[in-house]
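Read off the chains here:
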Amino acid sequence: MPPQSLPTDPTHFAAEIDTGLDVETDVSVAATGGTGAEILLELVDDEGVTIGTGEKLWAHQQPGRLHRAFSVFLFDRQGRLLLQRRALGKYHSPGVWSNTCCGHPYPDEPPFVAAARRTAEELGVAPALLCEAGTVRYDLPDEASGLIEREWNHLFVGLVTAPVVPDPEEVDDFAFVTAQELRELREERPFSVWFETVFEAALPGIREIAGRDW
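Note that the structure is predicted; figures quoted are calculated from it, not measured.

Asks: Explain a negative patch on the surface residue by residue, including any values.
Replies: On the surface, Glu181, Glu184, Glu187 and Glu188 cluster together into a patch of negative charge. Within the element layout of this structure, Glu184 appears in helix α3 (residues 179–188).

Asks: Tell me about helix α4 (residues 195–210), and please be specific about residues and values.
Replies: Its 16 residues give α4 an end-to-end C-alpha distance of only 18 Å, which falls more than 12% under 22 Å, the value for a rise of 1.5 Å per residue. Within α4, the axis deviates most sharply at Leu203, by approximately 60 degrees, and proline Pro204 lies no more than four positions further along. Within α4, burial applies to Phe195, Val198, Phe199, Ala202, Leu203, Gly205, Ile206, Ile209 and Ala210. The secondary structure elements touched by the buried residues of α4 are β4 (67–75), β5 (81–86), β6 (97–98), β8 (129–142), β9 (147–159) and α3. Immediately beyond the C-terminal end of α4, within one or two residues, lies Gly211, with a positive phi of roughly 105 degrees.

Asks: Which residues make up the layout of surface pockets, and what values go with them?
Replies: Looking at the largest pocket, its volume works out to about 480 Å³. Looking at the largest pocket, it is lined by 28 residues, and the ones nearest its centre are Lys56, Cys102, Gly103, His104 and Arg118. The set of elements that each furnish at least two residues to the lining of the largest pocket consists of β2 (40–44), α1 (56–60), β4, β7 (101–103), α2 (111–123) and β9. The greatest single-element share of the lining of the largest pocket, amounting to 4 residues, is contributed by α2. Grouping the constituent residues of the lining of the largest pocket by class yields 11 nonpolar, 7 polar and 10 charged.

Rules used in this analysis
Residues numbered from 1 in each chain as written. Predicted model: local features only at pLDDT ≥ 70, side-chain atom pairs only at ≥ 80, totals over all residues. Heavy atoms only, no water. Patch = residues over 30% accessible without salt bridge, like charges linked within 9 Å, V, L, I, M, F, W, Y side chains within 5 Å. Areas by Shrake-Rupley, 256 points an atom, 1.4 Å probe, with all protein chains shown as cover. Salt bridge = Lys/Arg side-chain N within 4 Å of Asp/Glu carboxyl O. Lys, Arg positive; Asp, Glu negative; His and termini not counted. Charge placed at Lys NZ, Arg CZ, Asp CG, Glu CD. Helix = DSSP H or I, 4+ residues; strand = E, 2+ residues; numbered from the N terminus. Expected span 1.5 Å × (residues − 1). Bend = angle between axes of the 7 residues up to and from the residue. Buried < 20%, exposed > 50% of the residue type's maximum accessible area, 1.4 Å probe, protein only. Contact = heavy atoms within 4.5 Å. 1 Å grid on protein atoms, 1.4 Å probe; cavity = no way out; pocket = protein on both sides within 12 Å on 5 of 7 lines; lining within 4 Å. Points joined across faces, edges and corners; volume = space filled by probe spheres on them. Nonpolar A, V, L, I, M, F, W, Y, C, P; charged D, E, K, R; others polar.

So this is what it looks like as structure tokens:
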């Protein structure tokens, strides 16, 4: 059975967040704490409370420092998930497939704002709808790079209705896939070390958006 069609009026979602962004509007980079070569992340404790800041690469080097992150899963109106293949030039997990967008809020930047901002920066399209889907904490070493993901990750699901125009420095390729096509792709191609964890954690929200087939 194909994924259920998305509702034409998605305003019934209880966890809906209005991003305040038009789907045709570019989102500018408000690089709070991220000016120059140094990009700062929010460090958090085991309850997700901010305890300071740390440089991005340093936070991902062993043994790793727990920091705030976000993961986005956007679907089209046919219930297909937008995936991206990370650019080959990225220092972390280059050339692997992953969910629509992942990243880190700048210090003091709300996670949903960061999620909308970074989706627009990487894929050239802002979410038409963005909904909270919980949080997940994990410690995931990446054998390929020697780095580690120690993250308190804010999950978001939503809709995309405008054409995708990816930044080639961030995204090597993209695809809209059904649940079955995702299973087949995961058997054939490498995915990011965090994909399974964030996907499973976001599934209840994904099914609210894209149907029970997910």
